[in-house]
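Report on the structure
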Amino acid sequence: MRQFLKSARFKVLLVFLAFLVGIMIYAVTKGGYSLSGASFINTITKPFRTASNSIAARFESFTDKMNHADEYYEENQRLKEQIGELNKQLTDYDNLKEEVEELRKFVVIKEEHPDYIITQPCEVLGYVTNDPFHSFTIDRGSADDIFPYCPVVTAEGLIGITIDVSEHTSTVRTILSPDLSVASVSSATNADYGIIEGTVLTAENGSTKLTHLSTENSLKVGDLMITAGNSGLFPKGYAVGTVTDIGIEANGLSACAEIKPCVDITRLSSVVVITDFAGKKEDSDADQDLP
Amino acid sequence: MRIKTSREKRIFRFKTTLRWIIYYLIIFICFILMTSGTWLKPVLLVPAAICIAKNNDQMPAAFTGAFCGFLIDIACGRLYCYNAVLLTVFCVAVSLMFDLWLRSKFINYMWLTILVSYLQCWLDYKFYYQIWNYDNVENIFVHVTLRVWLYTIISSVILYFLFKLVDHFLMPKEHLTIEEVIKTS
């Protein structure tokens, strides 16, 4: 052992360790951009990860069918009953049509927000290994004009924000994470403001939490929460999720609510990134809003 | 001392090169498996790095540890080189222990893997979750960290036999002359 400690090999190892620590410190100062080595590995492994993910998705879907066969059978029966019921309601076609028109407006939110500059649809390469908050990697990066802290959405609602961007891939932090806060407001009242922020417990159910809500709020279960657009990180008026439960915080000073995101964040296949929108804050300012 | 023939030297070089290619191929497969699917998965690269470190010199062990750690950083979205530094230190320690005190037995490999993977998982939990004081953070330890650790231990058994198979065919065997045996004994 003493021989090893005195040997040149040990000194070389110490230099190597210092080099690694240096890279680690350098990575911290990169401000959300990947190291070129990581970018290289991400680029090299991208096709393999895509292939293995498609295999894993098929395998998971197969085992899911096997495990939940009874559940699916019951669901099937229930859906059949529902179809029968819906057939009876065909007479209310006009009402339904109006409803569909409203939903269509929501889906084509891009048309209503011409100020948004969005990327081509990004494929989800895979979820970050063992992350309880379901961060994931997409197949587009700085080469597609994506940079750190861009909002990531689907037509249904907000997903999260890009945090680590390399040339051809980006990592997305989701709204299930406690490290991402989104100022939001109820679309029904346009008055009940709060902060949507993930917690460990809600993330287990694929939900997130609305905090700093006034105790005299008029929020109801089922209300849609949209982005308030105060921070300049997210565009104003984009759907985040619906209220599933309302309560009072442990300190008794404010109310809180459980929010079910508009999209199932744990099973995403493609998303889009909003690279620019009206009211967007500059990068340097946006950094300061992040926790 | 026994002099190697040029043919033996060629075979030695070929086997060593092939062995390292297979090592890195296994590492690559482990990385791909770690980045696939949405379930909790074992950190396969930790037992893989230990398997390589236990039968090799400190320098290759250190570089392999750093490489595996760097891949873990990419797969798990951690600060680049955080796991690389950890695994470099662990792999050098493992290599030294097997060189100086331990015999290359399954039981020794297992307790070292259990210890190293626990330290890796525990430090990950400490630095990435507990340090930020999230509410109910212990849930992550119970539902994620401990499960990942358990899966890693289970998968390390398979990796041990896989690397043992590779070493059985491709690890150069020490040839001792009669004079060397007498001198050693």
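Residues numbered from 1 in each chain as written. Chains lettered and ligands numbered in written order. Predicted model: local features only at pLDDT ≥ 70, side-chain atom pairs only at ≥ 80, totals over all residues.

Attention now goes to the interface of chain B and chain A. Taken together, the contacts link 35 residues of chain B with 39 residues of chain A. Classifying every residue of the side of chain B that touches chain A gives 24 nonpolar, nine polar and two charged. (Contact = placed C-beta atoms within 7 Å. Nonpolar A, V, L, I, M, F, W, Y, C, P; charged D, E, K, R; others polar.)

Turning our attention to the packing of helix α2 (residues 8-28) of chain A against helix α3 (residues 58-76) of chain B. Their axes nearest at 10 Å, the elements α2(A) and α3(B) cross at an angle of 10°. Here α2(A) is positioned roughly parallel relative to α3(B), judged by the angle of their axes. The segment α2(A) lies against α3(B), with Arg9(A), Leu13(A), Phe16(A) and Leu20(A) engaging Gln58(B), Met59(B), Ala62(B) and Ala66(B). Residues of the contact of α2(A) with α3(B), tallied by class, amount to six nonpolar, one polar and one charged. (Axes fitted to C-alpha atoms, helices over the stretch in contact; angles between N-to-C directions. Helix = DSSP H or I, 4+ residues; strand = E, 2+ residues; numbered from the N terminus. Parallel < 35°, antiparallel > 145°, perpendicular 65-115°, else oblique.)

Residues and elements named next belong to chain A. Pairing in this closed barrel of six strands is antiparallel, and the strands run β7-β8-β9-β12-β11-β10 around the ring. On average, adjacent strands in this sheet sit at an angle of 40° to one another, irrespective of strand direction. Relative to strand β10 (residues 224-227), strand β7 (residues 181-186) runs antiparallel, the two sharing three bridges. Each residue of the ladder has a partner; that of serine 186, found in β10, is methionine 225. (Pairing = 2+ DSSP bridges.)

Residue and element names in this part refer to chain A. Most of strand β2 (residues 122-127) is tucked away: five of the six residues are buried. Here two bridges tie β2 to strand β13 (residues 270-276), and the two strands are oriented antiparallel to one another. Bridge pairing in β13 links glutamate 123 to serine 270. Judged from the three bridges that link them, β2 and strand β3 (residues 136-138) form a sheet pairing that is antiparallel. Along β3, the bridge assignment pairs tyrosine 127 with phenylalanine 136. (Buried ≥ 20, exposed ≤ 12 C-beta atoms within 10 Å, placed from the backbone.)

So, on to the nonpolar core. If you look at the biggest cluster of nonpolar residues, it comprises 107 residues, and the most contacted ones within it are Val240(A), Leu45(B), Ala49(B), Ile50(B) and Cys91(B). Top contributing element to this core by residue count: α3(B), with 11 residues. Each residue touching Ala49(B), except ones within four places of it in the same chain, is listed here: Thr64(B), Gly65(B), Cys68(B), Leu87(B) and Cys91(B). (Core = buried A, V, L, I, M, F, W, Y, C linked by C-beta atoms within 7 Å.)

All names here are of chain A. Looking at where valine 273 falls in the secondary structure, it is placed in strand β13. A residue is classified by how many C-beta atoms lie within 10 Å of it, and valine 273, with 27 of them, is buried. With 126 residues separating them along the chain, valine 273 and phenylalanine 147 place their C-alpha atoms 9.7 Å apart. Apart from the residues lying within four places of it in its own chain, the contact partners of valine 273 are Ile118, Thr119, Cys122, Ile146, Cys150, Val152 and Thr162.

Moving on: the pairing of strand β6 (residues 170-174) of chain A. Residues and elements named next belong to chain A. Most of β6 is tucked away: five of the five residues are buried. Neither face of β6 is exposed, since Ser170, Val172 and Thr174 on one face and Thr171 and Arg173 on the opposite face are all buried. Alignment of β3 against β6, held across three bridges, turns out to be antiparallel. Bridging from a neighbouring strand, phenylalanine 136 pairs with valine 172 of β6. From the end of strand β5 (residues 158-165) to the start of β6, which pair antiparallel, there are four residues.

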